[in-house]
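# Coordinate inspection notes
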Amino acid sequence: LVMVGWHYAAASLTAWIIGVFLGYALNRRFTFNSMTSVSRSFPRVTAVYVGQQAIGLGGIAVLVESFGVGEIPAYFIMAPFAMAFSFVAMKYFAFR
């Protein structure tokens, strides 16, 4: 989305909203094979994604606005940190 002219924050938020629903369904079924109820696990997964977004977008903003890193390189720098947080939090919090 950034490559077609969207601001990095709007692009990130749009991708996040889609990702919450898709990520929940796929992680619940395939990654963690969870039998936890939707009413219990979906709010937890949403909280994990909020934390992931804060880490990712916050880091991107700092890199872009404070250090002059390009928007796309900043995303690639922050993605591994956000993904690692997400996996650990999903495994030990959301789908336990």
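In case you missed it, the structure is sitting above this.
An account of the accompanying structure is given in this report. Remember, predicted model here, so these are calculated numbers, not experimental data. (Residues numbered from 1 in each chain as written. Predicted model: local features only at pLDDT ≥ 70, side-chain atom pairs only at ≥ 80, totals over all residues. Heavy atoms only, no water.)

### Concerning the nonpolar core
- Of all hydrophobic cores here, the largest spans eleven residues; its members are W16, V20, Y24, F32, V45, V48, Y49, A89, M90, A94 and F95.
- Those elements that provide at least two residues to this core are α1 (8–31), α2 (38–67) and α3 (71–94).
- The residues touching Y49, leaving out its near neighbours within four places in the chain, are W16, G19, V20, G23, Y24, N27, S86 and M90.
- Counting residues in hydrophobic clusters, the runner-up holds six residues, among them L63, V64, A74 and M78. (Core = buried A, V, L, I, M, F, W, Y, C linked by side-chain atoms within 4.5 Å. Buried < 20%, exposed > 50% of the residue type's maximum accessible area, 1.4 Å probe, protein only. Helix = DSSP H or I, 4+ residues; strand = E, 2+ residues; numbered from the N terminus. Contact = heavy atoms within 4.5 Å.)

### Some remarks on the side chain of T36
- Mapped onto the elements, T36 comes out in the loop between α1 and α2.
- Leave out the neighbours within four places in its chain, and T36 touches R28, S41, F95 and R96.

### A word on the packing of aromatic side chains
- Across all of its chains, the model carries six aromatic pairs by this definition.
- Grouping aromatic residues by their ring pairs yields a cluster made of F21, Y24, F32, F42, F87 and F95. (Phe/Tyr/Trp six-rings, centres within 6.5 Å; stacked < 30°, edge-to-face > 60°.)

### Side note on the layout of surface pockets
- Here the largest pocket is characterised by a volume of approximately 760 Å³.
- Every element with two or more residues in the lining of the largest pocket is listed here: α1, α2 and α3.
- Examining the composition of the lining of the largest pocket, we find that eleven residues originate from one element, α3, more than from any other.
- For the lining of the largest pocket, the residue count by class is 20 nonpolar, nine polar and one charged. (1 Å grid on protein atoms, 1.4 Å probe; cavity = no way out; pocket = protein on both sides within 12 Å on 5 of 7 lines; lining within 4 Å. Points joined across faces, edges and corners; volume = space filled by probe spheres on them. Nonpolar A, V, L, I, M, F, W, Y, C, P; charged D, E, K, R; others polar.)

### Remarks on the environment of R96
- Summarising the element assignment, R96 is placed in the segment after α3.
- For R96, a relative accessible area of 54% gives the class exposed.

### Brief notes about α2
- Under the 1.5 Å per step criterion, the end-to-end length of α2 is 41 Å for 30 residues, consistent within 8% with the ideal 44 Å.
- Once α2 finishes, G68 follows within two positions and takes phi at roughly 70°, a positive value. (Expected span 1.5 Å × (residues − 1).)

### Some points on the packing of α1 against α2
- Orientation of α1 relative to α2, taken along the N-to-C sense of each, is 150°, at an axis distance of 10 Å. Comparing the axis directions of α1 and α2 gives the class roughly antiparallel. Note on packing geometry: the crossing formed by α1 with α2 is right-handed.
- Within the contact of α1 with α2, the residues separate by chemical class into 16 nonpolar, seven polar and two charged. (Axes fitted to C-alpha atoms, helices over the stretch in contact; angles between N-to-C directions. Parallel < 35°, antiparallel > 145°, perpendicular 65-115°, else oblique. Left-handed = near helix turned anticlockwise from the far one by under 90°.)

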